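Listed below are the residues making up each chain.
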Amino acid sequence: MSETVAAAAAVPSVRAFRRQLTRARRAHANKTWLQVAEDAYVALFTLAMLGVVVGAAIAQVHHELLGCPTAGCAAVREELPVVVALGTVGAVLHALASIGPVVSGSATGQWVLATPVARGGLLRRPYAAALGVAVAVCVAFPGVALAGTIASPATIVAVLVGAVGTGLLTTALATAAQPHPGLRRAVGVTGDALLLGALVLAAAIAYGLSWELTVDASVSLAVAGVVVVAGLVAAVLATRRISRLSRADVEPGGALVAGLTGAAYGLDLSLVGELLTARRFRLLGARRSRRGLGRGFGAVVVREGMRLARPPPRPLALAPAAVVVQVGAAVGLGSLAVLVAALAGYAATRWTTASLRIVWRSPGLRRAFGLDDLALLVALAVPGGVVAALWSVGITMLLPGGSVVEVVVLTLAIWSGIVRSAASAAPRFDGPLVTSPMGALPPGMIVSVVRGPDVAVLGSLALTLGASTLWSVAVAVLVAAFALWRAINAVGDTRPYTERLQEATAEKRRS
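Small disclaimer: the values here were computed from a predicted structure and weren't measured.

### Details of the overall build of the chain
Okay, so step 1: A count of helices and strands for the chain gives 21 helices and 2 strands.
Okay, so step 2: Within the chain, the fraction of its 511 residues that count as buried is 33%.
Okay, so step 3: Contacts spanning at least 24 positions in sequence make up 80% of the contacts within the chain whose residues lie at least 6 apart.

### Some remarks on the pattern of salt bridges
Okay, so step 1: On inspection of all chains with the given rule, the structure shows 2 salt bridges.
Okay, so step 2: Among the salt bridges present, the one from Glu-304 reaches Arg-307, with a minimum N-O distance of 2.7 Å. Taken together, the residues span about one helical turn, with Glu-304 and Arg-307 both in helix 12 (residues 297-308) at a distance of 3 residues.
Okay, so step 3: For Glu-304, a relative accessible area of 5% corresponds to the buried category.

### Focus on the packing of helix 18 (residues 404-423) against helix 19 (residues 453-464)
Okay, so step 1: At a minimum axis distance of 7 Å, the contact between helix 18 and helix 19 shows a crossing angle of 165 degrees. Our classification of the angle between helix 18 and helix 19 gives roughly antiparallel. Here the hand of the crossing between helix 18 and helix 19 comes out right-handed. Here Val-405, Glu-406, Val-409, Ala-413, Ser-416, Gly-417 and Arg-420 of helix 18 lie close against helix 19, whose contacting residues are Asp-454, Val-455, Ala-456, Gly-459, Ser-460 and Leu-463.
Okay, so step 2: A class-by-class count of the residues in the contact of helix 18 with helix 19 yields 6 nonpolar, 4 polar and 3 charged.

### Focus on helix 18
Okay, so step 1: Along its 20 residues, helix 18 runs 28 Å from first to last C-alpha, staying within 8% of the 28 Å computed at 1.5 Å per residue.
Okay, so step 2: A large share of helix 18 lies buried, amounting to 17 of its 20 residues.

### Some remarks on the packing of aromatic side chains
Okay, so step 1: Considering all chains together, one arrives at 1 aromatic pair under this definition.
Okay, so step 2: Centroid distance Phe-482 to Trp-485: 6.2 Å. Interplanar angle 40 degrees. Geometry classified as tilted. With Phe-482 and Trp-485 both in helix 20 (residues 469-491) and 3 residues apart, this pair spans about one turn of that helix.
Okay, so step 3: Relative accessible area serves as the criterion here: at 36%, Phe-482 is assigned to the partly exposed category.

### Overview of the nonpolar core
Okay, so step 1: By size, the foremost hydrophobic cluster in this structure holds 23 residues, and its most contacted members are Val-325, Trp-391, Ile-395 and Leu-410.
Okay, so step 2: Elements with a minimum of two residues in this core: helix 13 (318-330), helix 14 (336-349), helix 17 (373-398) and helix 18.
Okay, so step 3: The contacts of Trp-391, once residues within four sequence positions are left out, are Leu-318, Ala-321, Ala-322, Val-325, Ala-341, Ala-344, Gly-345 and Ile-414.

### Some words on the environment of Leu-194
Okay, so step 1: Within the secondary structure, Leu-194 is located in helix 8 (residues 181-206).
Okay, so step 2: Exposure remark for Leu-194: the relative accessible area of 25% places this residue in the partly exposed category.
Okay, so step 3: For the pair Leu-194 and Ala-91, spaced 103 residues apart in sequence, the C-alpha separation works out to 8.2 Å.
Okay, so step 4: Apart from the residues lying within four places of it in its own chain, the contact partners of Leu-194 are Leu-86, Val-89, Gly-90 and Leu-93.

### Let's talk about the confidence of the model for the chain
Okay, so step 1: Confidence in the prediction for the chain averages 77 pLDDT; 78% of positions are at 70 or higher.
Okay, so step 2: Of all the helices and strands in the chain, helix 1 (residues 2-10) carries the lowest mean pLDDT, 49, while helix 18 carries the highest, 88.
Okay, so step 3: A low-confidence stretch, residues 1-8 (pLDDT under 50), is modelled with 0 contacts involving residues beyond four sequence positions or located in other chains.

### Some details on the side chain of Ser-460
Okay, so step 1: On the secondary structure map, Ser-460 appears in helix 19.
Okay, so step 2: Among the residues examined, Ser-460 registers a relative accessible area of 0% and is labelled buried.

### Examining the packing of helix 14 against helix 18
A packed helix pair is summarised by two numbers, namely the angle formed by the two axes and the spacing between the axes.
Okay, so step 1: For the pair helix 14 and helix 18, the least separation of the axes is 9 Å and the interaxial angle reads 45 degrees. Compared by their axis directions, helix 14 and helix 18 come out oblique. The crossing of helix 14 and helix 18 is right-handed. Residues Val-338, Ala-341, Ala-342, Gly-345, Tyr-346 and Thr-349 of helix 14 form the contact with helix 18, whose own contacting residues are Glu-406, Leu-410, Ile-414, Gly-417, Ile-418 and Ser-421.
Okay, so step 2: By residue class, the composition of the contact of helix 14 with helix 18 is 7 nonpolar, 4 polar and 1 charged.

### Considerations on a nonpolar patch on the surface
Okay, so step 1: A cluster of nonpolar side chains, namely Phe-297, Val-382, Val-386 and Leu-390, defines an oily patch on the protein surface of about 340 Å² accessible area.
Okay, so step 2: The biggest single contributor to the nonpolar patch is helix 17, with 3 residues.

### Regarding helix 6 (residues 119-146)
Okay, so step 1: Its 28 residues give helix 6 an end-to-end C-alpha distance of 41 Å, which sits within 8% of 40 Å, the value for a rise of 1.5 Å per residue.
Okay, so step 2: Residue Arg-125 marks the point of greatest curvature in helix 6, where the axis turns by about 30 degrees; the proline Pro-126 follows within four residues.

Cut-off values and rules
The numbers attached to residues start from 1 for each chain and follow its sequence in the written order. Residue-level local features of this predicted model are given only where pLDDT is at least 70; pairs of side-chain atoms are given and counted only at 80 or more, and the full residue set underlies all totals for whole chains, interfaces and linings. Note that water and hydrogens are dropped before the side-chain values are worked out from all heavy atoms of the structure. Here a helix means four or more residues in a row that DSSP labels H or I, a strand means two or more in a row labelled E, and each is numbered from the N terminus. Working definition: with a 1.4 Å probe on protein chains only, accessible area under 20% of the residue-type maximum means buried, over 50% means exposed, and in between means partly exposed. Note on contacts: a residue pair is in contact if any heavy atoms of the two residues lie within 4.5 Å. Any Lys or Arg side-chain nitrogen located within 4 Å of an Asp or Glu carboxyl oxygen qualifies as a salt bridge. Axis lines are fitted through C-alpha atoms, for helices just across the contact stretch, and the angle between N-to-C directions can take any value from 0 to 180 degrees. Note on angle classes: values under 35 degrees are labelled roughly parallel, values over 145 roughly antiparallel, values of 65 to 115 roughly perpendicular, and the remainder oblique. Each helix crossing is assigned a hand: it is left-handed if the near helix lies turned anticlockwise from the far helix by less than a right angle, otherwise right-handed if that turn is clockwise. Any residue outside Ala, Val, Leu, Ile, Met, Phe, Trp, Tyr, Cys, Pro, Asp, Glu, Lys and Arg is labelled polar, Gly included; the first ten of those are nonpolar and the last four are charged. The length a helix should cover is 1.5 Å for every residue beyond the first. Working definition: a ring pair exists when centres of Phe, Tyr or Trp rings (six-membered ring for Trp) sit within 6.5 Å. Plane angles under 30 degrees give stacked, over 60 give edge-to-face, the rest tilted. Working definition of a nonpolar core: buried Ala, Val, Leu, Ile, Met, Phe, Trp, Tyr and Cys residues. They are joined through side-chain atoms within 4.5 Å. Confidence of the predictor at the level of single residues is captured by pLDDT, which takes values from 0 to 100. Patch definition: residues with relative accessible area over 30% and no salt bridge; like charges joined within 9 Å; nonpolar side chains (Val, Leu, Ile, Met, Phe, Trp, Tyr) joined within 5 Å. Here, Shrake-Rupley sampling with a 1.4 Å probe gives the accessible areas, and only protein chains in the shown set may cover a residue. The reported bend at a residue is simply the angle between two axes, fitted to the 7 residues ending at it and to the 7 residues beginning with it.

As structure tokens, this is what we get:
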């Protein structure tokens, strides 16, 4: 009995354990307080600059919407907040179900959570962070959408207060469902259903359908208050479920967050989709494989088409892009709708060239296919071109005054963009680095973000400016040829930088 009491007394409290961790981290810190203050200053200055830019853009959109006299602008102005609210809640639910919401890094899961300290106390901070992020997102996007309306201050306050309660409710629901795979999948399906509802409403607005929903201000405030109270109660009750979370529940989400953070630091948006796809198939465990058809060039094309038809259903991303273009046409963009369609199509079809991106950055994989570089490039890019052509046909049928020329130009512009983005040379970390506010970066890393959208804009620019049919098609063809030429040249010399530097130095000495 005395040994049990002594062992229980030896276990530190959560607060004492955190103090021990803080002292250990400070003892091994590699930054001074001045360096930490400089980093904080740079971060705050960057956030302030981004806030100014985003605020100016929101103010401009608000001014344009209020000054637009057309019926399409009026419908978008009044009904858009409902669509944004549904989409935001759906996206938050889907993200919470996919990530956690309570997450932990591998080191914390293996060492800290293995201690006899109360697990609930160690995981309350990640839970509080998830609550804060969910509430901020639920408030920010509907608030921005309300900026373009003429709603009364009482209505705006009621919506924002209700958004706070919704953020609390969604996080509490996802936390309670986290240790149960079935409930967690149900939360994700609910988020997908809300996203689908928002897409349907946005399509209805684009086609000119509108609705009137009149609610008394006092009633809306009362409902918002009830939602906040329910959210607070649910958030408090969900804290009791935190102690039941195992390391297997929190570590995968922490690894996913770490991977997404690394992809964001590397400014590689394609890697984000690949990480999410890998996590989905890892959760599935195993899938039945299918044999390909043919040999050589045809086999690569068929196999790539089979990959595009495999879940997760990324083709569903084509529908939101089409709705965005339709909404833009409804507010009277005119010829700019073609440019918006090119950018939206690029964003919706970029996932089709994931194999090209991986193969093009791996010399060993390219040699294993047994094809020359140009044939392999075309084989891996053909299925993406087919998807871009089908999307261009569909969106041209929805746009007013669509023609075959728009289909050809949009297909070439979108295909050029996705090929240039996937087949561009990867940043080299074995050479000189450039100092930036984000740290040391390889030269050209920031430029890599616009590789793809730049040629999509150039390919559709002539048609956007009202050029003739011949000039529009000629510019699109030239841009596509330039994208292929740059993709072939991107293979170039794939040796390490040090080896290439030594060869260049030797040649200079011989000369």
